Amino acid sequence: MTIHTLEPQAGTLHGTFSREIAPAIEINPGDTVRLRTLEANWAVGDVDPDLLLQGRAGITCFSPRDQERDSGHALTGPVAVRGAQPGMMLAVQINRIVPGTWGWSYPWYGTPYEQKDRIPYMVWRLDARNSIARNHLGHTVAMRPFMGVMGVALDEPGYLSTKPPRPFGGNMDCKELVAGSTLYLPVAVPGALFSTGDGHAAQGDGESSGTAIECPMEMVDLSFDLVENPPIPTLHANTPAGWITFGFDEDLNLAADAAVAAMLRLISAHYNVSHDEALSLAGVAVDLRITQIVNQVKGVHAVLPHGAIR
C-alpha cells in the first residue's frame, strides 16, 4: 500500500464532474490518498470573520479558474484507480477527516429573495482538537465532519454541475459519511475518476437552511479499493450508524421509494431472504431520513443499524 498526497492547486482543483478532466493522480487499488480541500466557494487561506460577516467581498478565492470547468464546488482530484472499469464498485474508505480553523453558514433556503441581503453570514471558529465549533454570537455545536461532495465521473460528454447528487455520488450532503465509513460508488468510466470537496464541520439531516458549517478541510484520508461483484449495483455505504442506501429525485416521495428499493436488495443479499421478507424486515428495522432538500434533486437515505437484524 502506498500513501499519496494531493494539495488543492492548479492541476488538482476543478468545479465540475467530467470524464474529460485529466487525473490529478493515478493509484493502485489498496492505496491511500491524503488530500486537502478548499471551502466550497474556493476561498483560500484563513478568513477574517469581520469580512465574512459583511459578505464575501474581500475574501481571496483561488485563481485562475476556467469559467466552464470550475463553476461549481471546489473539488480536489480526480483520483484515477488502476483497473477500475464500468460495472465495478469503487470502495472509498474514509479513515480520517480534519477540518480547518474556520467555517460559515448562511440561511438562504426558504428566505424570501428580497430579504437575502439583510441576512448575515454566521462565522464559525473550529476547534478540531475538541471537536467543537463556536460562532461569532457565542453558540457552540459539536462537530461531526464529513465531505458534502464525493463522487466519480459520469460517462457523459461535457462538464456536469456539482450541485445535484446523482447515482454516481456527488453533492449528497449525507451527514453519516463520517470517518469509519466506506462509500461504494458505481464506476462509470475507466479509472473511476474520483473527486471530493464541500467540507462540512456539522450538519443536520436535510440541510434545512441551505448550508451546513461550510469549511475547508486540512486533511481527508481516504483508501481506495475495487469490488467486482457487489451485493447491490447501486450507491450505498457502510457507516458507524449502519448500512445506508440512497435515493435521489426532484420528488421526495420518489427519492424515498428509490432508497427503500435499494435497501430491500441489500437486505435480501445480506440475509438471503426474499423481497417480501426483506420488505417486512425493513418496516421494523430500517429508518428513512431526509438527506438534503436544497440541491435541486432531493435525497433520502435508508439506514439499517448494525445488529438491528440478527
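Scroll up to find the structure.
## Looking at the overall build of the chain
Part 1 of the reasoning: From N to C terminus, the chain includes three helices and 19 strands.
Part 2 of the reasoning: A globule of 310 residues ought to have a C-alpha radius of gyration of about 19 Å, and the chain, at 19 Å, matches this closely.
Part 3 of the reasoning: Viewed in the frame of its principal axes, the chain has a C-alpha envelope of about 60 × 40 × 35 Å.
Part 4 of the reasoning: Burial statistics for the chain: of 310 residues in total, 53% are counted as buried.
Part 5 of the reasoning: Counting contacts in the chain only where the partners sit at least 6 residues apart, residues at least 24 apart contribute 74% of the total.
Part 6 of the reasoning: Entry remark: accessible area of the chain is about 13,500 Å², with carbon and sulfur atoms responsible for 50%.
Part 7 of the reasoning: Within the chain, one finds 21 positive and 33 negative side-chain charges whose respective centroids are separated by 5 Å.

## Comments concerning the state of the cysteines
Part 1 of the reasoning: Summed over the entire model, instances satisfying the criterion amount to zero disulfides.
Part 2 of the reasoning: The cysteine C61 is free of any disulfide, with C215 supplying the nearest cysteine sulfur at 15 Å.
Part 3 of the reasoning: A residue is classified by how much of its surface remains accessible, and C61, at 29% relative accessible area, is partly exposed.
Part 4 of the reasoning: Judged by its relative accessible area of 0%, C215 falls in the buried class.

## So, helix α3 (residues 275-285)
Part 1 of the reasoning: Regarding α3, the residues found buried are A278, A282 and A285. The arc that holds every buried residue of α3, seen down its axis, measures 85°, which confines them to one face. In α3, the exposed positions that point more than 90 degrees away from the buried face belong to D276, S280, G283 and V284.
Part 2 of the reasoning: Contacts from the buried residues of α3 go to α2 (252-271), β18 (287-292) and β19 (298-304).

## Side note on the pattern of salt bridges
Part 1 of the reasoning: Going through the model one piece at a time under the given rule, you end up with nine salt bridges.
Part 2 of the reasoning: Linking E7 and R36 is a salt bridge whose minimum nitrogen-to-oxygen distance equals 2.6 Å. Linking E7 in the loop between β1 (3-6) and β2 (13-14) with R36 in strand β4 (residues 32-37), this pair joins segments that are 29 residues apart in sequence.
Part 3 of the reasoning: On the accessibility criterion, E7 (37% relative accessible area) is partly exposed.
Part 4 of the reasoning: A residue is classified by how much of its surface remains accessible, and R36, at 26% relative accessible area, is partly exposed.
Part 5 of the reasoning: D46 serves as the salt-bridge partner of R125, at 3.2 Å between the closest nitrogen and oxygen.

## As for the packing of α2 against α3
Part 1 of the reasoning: Interaxial distance between α2 and α3 falls to 9 Å at its minimum, and their mutual angle equals 110°. Classified by the interaxial angle, the pair formed by α2 and α3 is roughly perpendicular. Read as a crossing pair, α2 and α3 show a hand that is right-handed. Of the residues in α3, those in contact with L264, I267 and S268 of α2 are H275, A278, L279, L281 and A282.

## Concerning the pairing of strand β7 (residues 102-105)
Part 1 of the reasoning: With burial as the criterion, each face of β7 is covered, one bearing W102 and W104 and the other bearing G103 and S105.
Part 2 of the reasoning: Bridge count for β7 against strand β8 (residues 122-127) is four bridges, and the pairing is antiparallel. Directly across from G103, in β8, lies its bridge partner W124.

## Quick notes on the layout of surface pockets
Part 1 of the reasoning: Size it by volume and the largest pocket reaches roughly 390 Å³.
Part 2 of the reasoning: Lining the largest pocket are 25 residues, and of these A40, N41, H73, W104 and K163 sit closest to its centre.
Part 3 of the reasoning: Within the lining of the largest pocket, the residues separate by chemical class into seven nonpolar, 11 polar and seven charged.
Part 4 of the reasoning: Approximately 200 Å³ is the volume found for the second largest pocket.
Part 5 of the reasoning: At the level of elements, β17 (242-249) and α2 are the ones that each hand at least two residues to the lining of the second largest pocket.

## Things to note about the environment of L154
Part 1 of the reasoning: Counting through the fold element by element, L154 comes out in the loop between β11 (146-152) and β12 (169-171).
Part 2 of the reasoning: Note on L154: relative accessible area 9%, which makes it buried.
Part 3 of the reasoning: A sequence separation of 137 residues divides L154 from F17, and the C-alpha atoms of the two residues are 7.3 Å apart.
Part 4 of the reasoning: Beyond its immediate stretch of four places on either side in the chain, L154 contacts R19, L160, R166, F168, A188 and V189.

## Here we look at the nonpolar core
Part 1 of the reasoning: In terms of nonpolar packing, the biggest core is built from 44 residues, with L90, L183, F194 and F224 touching the most fellow members.
Part 2 of the reasoning: Take this core: its biggest share by element is five residues, from strand β15 (residues 217-227).
Part 3 of the reasoning: If we ignore the near neighbours within four places in the chain, the residues touching L90 are V81, V152, L183, Y184, L185, V187, A192, F194, F224, D225 and L226.
Part 4 of the reasoning: Ranked by size, the runner-up nonpolar core spans 20 residues in total, among them M89, A91, L264 and A285.

What counts, and where the lines are drawn
- Residues numbered from 1 in each chain as written.
- Predicted model: local features only at pLDDT ≥ 70, side-chain atom pairs only at ≥ 80, totals over all residues.
- Heavy atoms only, no water.
- Helix = DSSP H or I, 4+ residues; strand = E, 2+ residues; numbered from the N terminus.
- Rg over C-alpha atoms; globule rule 2.2 N^0.38 Å.
- Buried < 20%, exposed > 50% of the residue type's maximum accessible area, 1.4 Å probe, protein only.
- Contact = heavy atoms within 4.5 Å.
- Areas by Shrake-Rupley, 256 points an atom, 1.4 Å probe, with all protein chains shown as cover.
- Lys, Arg positive; Asp, Glu negative; His and termini not counted.
- Charge placed at Lys NZ, Arg CZ, Asp CG, Glu CD.
- Disulfide = S-S within 2.5 Å.
- Arc of directions from axis to C-beta.
- Salt bridge = Lys/Arg side-chain N within 4 Å of Asp/Glu carboxyl O.
- Axes fitted to C-alpha atoms, helices over the stretch in contact; angles between N-to-C directions.
- Parallel < 35°, antiparallel > 145°, perpendicular 65-115°, else oblique.
- Left-handed = near helix turned anticlockwise from the far one by under 90°.
- Pairing = 2+ DSSP bridges.
- 1 Å grid on protein atoms, 1.4 Å probe; cavity = no way out; pocket = protein on both sides within 12 Å on 5 of 7 lines; lining within 4 Å.
- Points joined across faces, edges and corners; volume = space filled by probe spheres on them.
- Nonpolar A, V, L, I, M, F, W, Y, C, P; charged D, E, K, R; others polar.
- Core = buried A, V, L, I, M, F, W, Y, C linked by side-chain atoms within 4.5 Å.

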